[in-house]
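Observations on chain architecture
The primary structure of each chain is shown beneath.
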Amino acid sequence: MNKNFVPQIPYGTRDLLPREAKQKRIVEGALAQVFSCWGYDEIVTPTFEYMETLAVGTGSNIQQHVFKFFDKNNRILALRPDMTTPIARVAATRLKEMPLPLRLFYLTNVFRHEQAQAGRQCEFYQAGVELLGAPGPAADAEVVALAVEAMLEAGLTNFQIGLGQVDFINGLMAESQLSPERQQQIKSAMVTRDLVGLGELLSQSGLKQAAQELLKQIPLLHGREDMLSRAYRLVSNDLSRAALDNLADIHKLLAGYGVDQYVNFDLGIIRDFDYYTGMVFEGYTPGLGFPLCGGGRYDTMLASLGVANPATGFAMGIERMLLALERQGIGVSVQGKDVYIAWTEGKLAQAIEAANQCRRQRRRAELALAAEPRAVAEAVVRTRGYEELIYIE
Ligand SMILES: N[C@@H](Cc1c[nH]c[nH+]1)C(=O)O
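None of the values given here were measured: they were computed from a predicted structure.

Let us now look at the site of the ligand. Taken together, 17 residues form the shell around the ligand, and within it D82, T84, E130, R271 and Y276 come nearest. Between the ligand and T84 there is a distance of 2.7 Å, counted from a nitrogen atom to a side-chain nitrogen or oxygen. Contacts to the ligand include R112, whose side-chain N or O atom sits 3.0 Å from an oxygen atom. Here the ligand, which alone exposes 300 Å², has 97% of that area covered by the protein. Taking a 2 Å distance to the grid points as the criterion, the majority of the atoms of the ligand fall inside the largest pocket.

Next comes the structure, spelled out in structure tokens:
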């Protein structure tokens, strides 16, 4: 074997060492608990699916980030870039006879080819929910309120949700009568908040100055209720105005949930998945340059998969949550092991008995695998942070 061989892991992947794995499990445990308290049931789907399924509703922004490969029959497979499409597939097929609404949650890994950095890897973990078969603001408000609750439960206190509505922009785009390609370019500039690029696109668009100014303002339209009234006066088309009414309705319900202090309006939010058809939202926290969670309403995806049903949901990035907690000095406390059991020559059987007893009492006990002097065992306990030494002699 080549002595210089240093095994590497693929670009954009990470090992979660025991401490991080423990923190991840603690946060995921807390999230699973909240989701199930809100009536959501866990679902598990395959890590990879046929590309044609995953392509439904994702759009080109995401498709260029999908990992693809072939099966033996040359069908194109892909690693899931999110859980929304796989869950919609299950809902439209195996769960299609179930009474609606369906409330499902997941804790799992997803894959997107990204420029890797802290908090953004090609394989990452998401916790999320999908609420299927429910139209209207009540379902959207439930999902946003649950996202707030989930963040609080994970231990975060300083965060804000930005609430937007894709029809606000859609109404303006329809009014503009620009070509679909041009509309897409403008939306992409808005997704990345590339204000300079947006300005250039608009100046080349041939739109009247007033229409250009209005579109340029969209990324800046964020704030509390008064911003909604301001936006209402800026637009005159029905679609954009209905979008604003919808946001006001959702916001009223969020006040009922007691979470409205965490929510602002942000009409510039356009998510990178194409499947959104209504309310969209993103959660932000200081010190993290990207959203912690995001989601929204997607009412046409299930029809493309076979059963027409409205739906709404969100997902939260687990690594991002852990990073945010760490950066804000909110440690996820990871418990050490309780007992170290060491033994002198000939006493292994008794040591095993002692370990059995501890474990029956749900104490975390680690058993030495070779005899060692008491002084060595004491040093192990000190350096590895056990609560107690049981020394069998
Ligand atoms: N799947 C979306 C979040 C979402 C869930 N449901 C609706 N949207 C994402 O990964 O960003």
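Next comes the rest of the description.
The topology assignment puts E319 in helix α13 (residues 318–327). Although E319 is buried, it makes no salt bridge; R14 carries the closest opposite charge, 4.9 Å away. The residues touching E319, leaving out its near neighbours within four places in the chain, are R14, E123, F124 and Y125.

In the UniProt entry, the feature "domain: Aminoacyl-transfer RNA synthetases class-II family profile" (unreviewed entry) is given for residues 12–325. Taken end to end, residues 12–325 has its terminal C-alpha atoms 22 Å apart, with 44% of it in helix and 20% in strand.

Taken together, the 9 strands give an open sheet; going across it, the order is β1-β5-β6-β12-β11-β10-β7-β9-β8, and neighbouring strands pair in mixed fashion. Looking at the sheet topology across the chains shown, the edges are occupied by β1 (41–42) and β8 (222–223). Bridge count for β1 against strand β5 (residues 102–111) is 2 bridges, and the pairing is parallel. The residue of β5 that forms the bridge with D41 is L104. In the packing of helix α1 (residues 18–37) onto the sheet, contacts are made with β5, β6 (123–132) and β12 (311–317), and the angle to β6 comes to roughly 5°.

By volume, the largest pocket is sized at about 970 Å³. Together, 45 residues line the largest pocket, and R112, R120, R271, D272 and P291 are the ones closest to its centre. Elements with a minimum of two residues in the lining of the largest pocket: α3 (59–63), β6, α7 (180–191), β10 (279–284), β11 (293–297), β12 and α13. Considering every element that reaches the lining of the largest pocket, the biggest residue donor is β12, with 5 residues. Looking at the lining of the largest pocket, its residues break down into 19 nonpolar, 15 polar and 11 charged. What lines the second largest pocket is a set of 17 residues, among which E20, Q23, L322, L323 and E326 lie closest to the centre.

Bringing unusual backbone geometry into the picture now. Here the residue pair L100 and P101 is connected by a cis peptide bond, since its omega of -5° sits within 30 degrees of zero. Mapped onto the fold, P101 is located in the loop between α4 (84–92) and β5. Of note in the backbone geometry, N74 takes a positive phi value of approximately 65° without being a glycine. Given the relative accessible area of 57%, N74 is considered exposed. Although it is not a glycine, R193 adopts a positive phi angle of roughly 55°. With respect to the helices and strands, the residue R193 is situated in the loop between α7 and α8 (195–203). For R193, a relative accessible area of 36% gives the class partly exposed.

One open sheet holds the 3 strands; their spatial order is β14-β13-β15, and the pairing between them is parallel. Strand pairing shows two members of the sheet lacking a second neighbour, β14 (365–367) and β15 (388–392), which therefore form its edges. For this sheet the average axis-to-axis angle between neighbouring strands, irrespective of direction, equals 20°. Pairing analysis gives 3 bridges linking strand β13 (residues 339–343) to β14, with the strands arranged parallel. Each bridged residue has a counterpart across the sheet, and for V339 the counterpart in β14 is A365. Set on the sheet, helix α15 (residues 374–384) makes contact with β13, β14 and β15; between it and β15 the angle comes to about 160°.

Inspection of the secondary structure assignment puts P99 in the loop between α4 and β5. Looking at P99, the relative accessible area reads 63%, which means it is exposed.

Moving on, we come to the packing of aromatic side chains. In total, this model carries 10 aromatic pairs according to the counting rule given. Both rings, one in F48 and one in F69, keep their centres 5.5 Å apart while their planes meet at 70°; by these two values the pair is edge-to-face. A residue pair is termed long-range when its members are at least 10 positions apart, and F48 in strand β2 (residues 48–50) and F69 in strand β3 (residues 68–70) qualify at 21 residues. For the ring pair F273 and Y275, a centre distance of 4.9 Å and an interplane angle of 20° mean the geometry is stacked. With respect to class, F273 is no different from Y275; both count as buried. By the ring-pair criterion, three or more aromatic residues cluster together here, those being F35, F105, F281 and F314. Its end group placed over the ring of F290, R320 keeps NZ or CZ at 4.2 Å from the ring centre.

The rules behind these values
Residues numbered from 1 in each chain as written. Predicted model: local features only at pLDDT ≥ 70, side-chain atom pairs only at ≥ 80, totals over all residues. Heavy atoms only, no water. Near = heavy atom within 4 Å. Polar contact = N/O pair within 3.5 Å; in protein donor to acceptor, adjacent residues only side chain to side chain. Areas by Shrake-Rupley, 256 points an atom, 1.4 Å probe, with all protein chains shown as cover. 1 Å grid on protein atoms, 1.4 Å probe; cavity = no way out; pocket = protein on both sides within 12 Å on 5 of 7 lines; lining within 4 Å. Sits in = over half its atoms within 2 Å of the grid points. Helix = DSSP H or I, 4+ residues; strand = E, 2+ residues; numbered from the N terminus. Buried < 20%, exposed > 50% of the residue type's maximum accessible area, 1.4 Å probe, protein only. Lys, Arg positive; Asp, Glu negative; His and termini not counted. Salt bridge = Lys/Arg side-chain N within 4 Å of Asp/Glu carboxyl O. Contact = heavy atoms within 4.5 Å. UniProt positions renumbered as here; feature names shortened; annotations may be inferred. Pairing = 2+ DSSP bridges. Axes fitted to C-alpha atoms, helices over the stretch in contact; angles between N-to-C directions. Points joined across faces, edges and corners; volume = space filled by probe spheres on them. Nonpolar A, V, L, I, M, F, W, Y, C, P; charged D, E, K, R; others polar. Phe/Tyr/Trp six-rings, centres within 6.5 Å; stacked < 30°, edge-to-face > 60°. Lys NZ or Arg CZ within 6 Å of the ring centre and 35° of its normal.

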